[in-house]
Amino acid sequence: MDTMEAIAEPARRRILDALLGGERLVGELCTELGIAQPSVSKHLGVLRGAGLVRVRPDAQRRWYSLCPEPLRDLDEWLMPYRRRWADALDDLERHLDRQEQT
């Protein structure tokens, strides 16, 4: 599964958001997000398969953390869209400035 497919699911985006704060155990994610453990584990498996999270075993526990590299690729892909949006906002600002001057 690629990055966009993996983050299309809102629960997975919420997991990524939670991992921004650092490593988390599955149980912590369940509590923080209010999602049942089997669902969190399934979503973590998808995110791990897409390279978006990594796991660090620690005896019986598994610590999950964000792996941002695939998100950089997505960020690069989004760049032209951001430029286009910024250009459209600049055009709107110029239009509104001209309206105020008349």
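Read on for an overview of the structure. Keep in mind the model is a prediction, meaning the values are calculated, not measured.

If you check the backbone angles, Ala-59 has positive phi at about 55° while not being a glycine. Along the polypeptide, Ala-59 turns up in the loop between β2 (53-58) and β3 (61-66).

This model, assessed by the stated rule, comprises seven salt bridges. Residues Arg-54 and Glu-69 are paired through a salt bridge, measuring 3.8 Å at the closest nitrogen-oxygen approach. Here Arg-54, found in strand β2, pairs with Glu-69, found in helix α5 (residues 69-101); they are 15 residues apart in sequence, far enough to count as distant. Arg-54 sits in the partly exposed class, given a relative accessible area of 40%. Between Arg-94 and Asp-91 there is a salt bridge, with its nearest N and O atoms 2.3 Å apart. Within this pair, Arg-94 and its partner Asp-91 are both found in helix α5, separated by three residues, close to a single helical turn. In this structure Asp-91 comes out as partly exposed when scored by relative accessible area, which is 44%. Sharing partners across several salt bridges, the network here consists of Arg-54, Glu-69 and Arg-72.

As a further point, take the nonpolar core. Ranked by size, the top nonpolar core spans 23 residues in total, and within it Ile-15, Val-40 and Leu-44 carry the most contacts. Examining the composition of this core, we find that five residues originate from one element, helix α2 (residues 10-19), more than from any other. Every residue in contact with Leu-44, bar those within four places of it in the chain, is listed here: Ile-15, Val-26, Leu-29, Val-53 and Tyr-64.

Next up on the list: the environment of Pro-80. Note on placement: Pro-80 falls in helix α5. Relative accessible area serves as the criterion here: at 40%, Pro-80 is assigned to the partly exposed category. In the structure, Pro-80 is positioned 17 residues away from Asp-97 in sequence and 26 Å away in space, judged by C-alpha atoms.

Rules behind the numbers
- Residues numbered from 1 in each chain as written.
- Predicted model: local features only at pLDDT ≥ 70, side-chain atom pairs only at ≥ 80, totals over all residues.
- Heavy atoms only, no water.
- Helix = DSSP H or I, 4+ residues; strand = E, 2+ residues; numbered from the N terminus.
- Salt bridge = Lys/Arg side-chain N within 4 Å of Asp/Glu carboxyl O.
- Buried < 20%, exposed > 50% of the residue type's maximum accessible area, 1.4 Å probe, protein only.
- Core = buried A, V, L, I, M, F, W, Y, C linked by side-chain atoms within 4.5 Å.
- Contact = heavy atoms within 4.5 Å.

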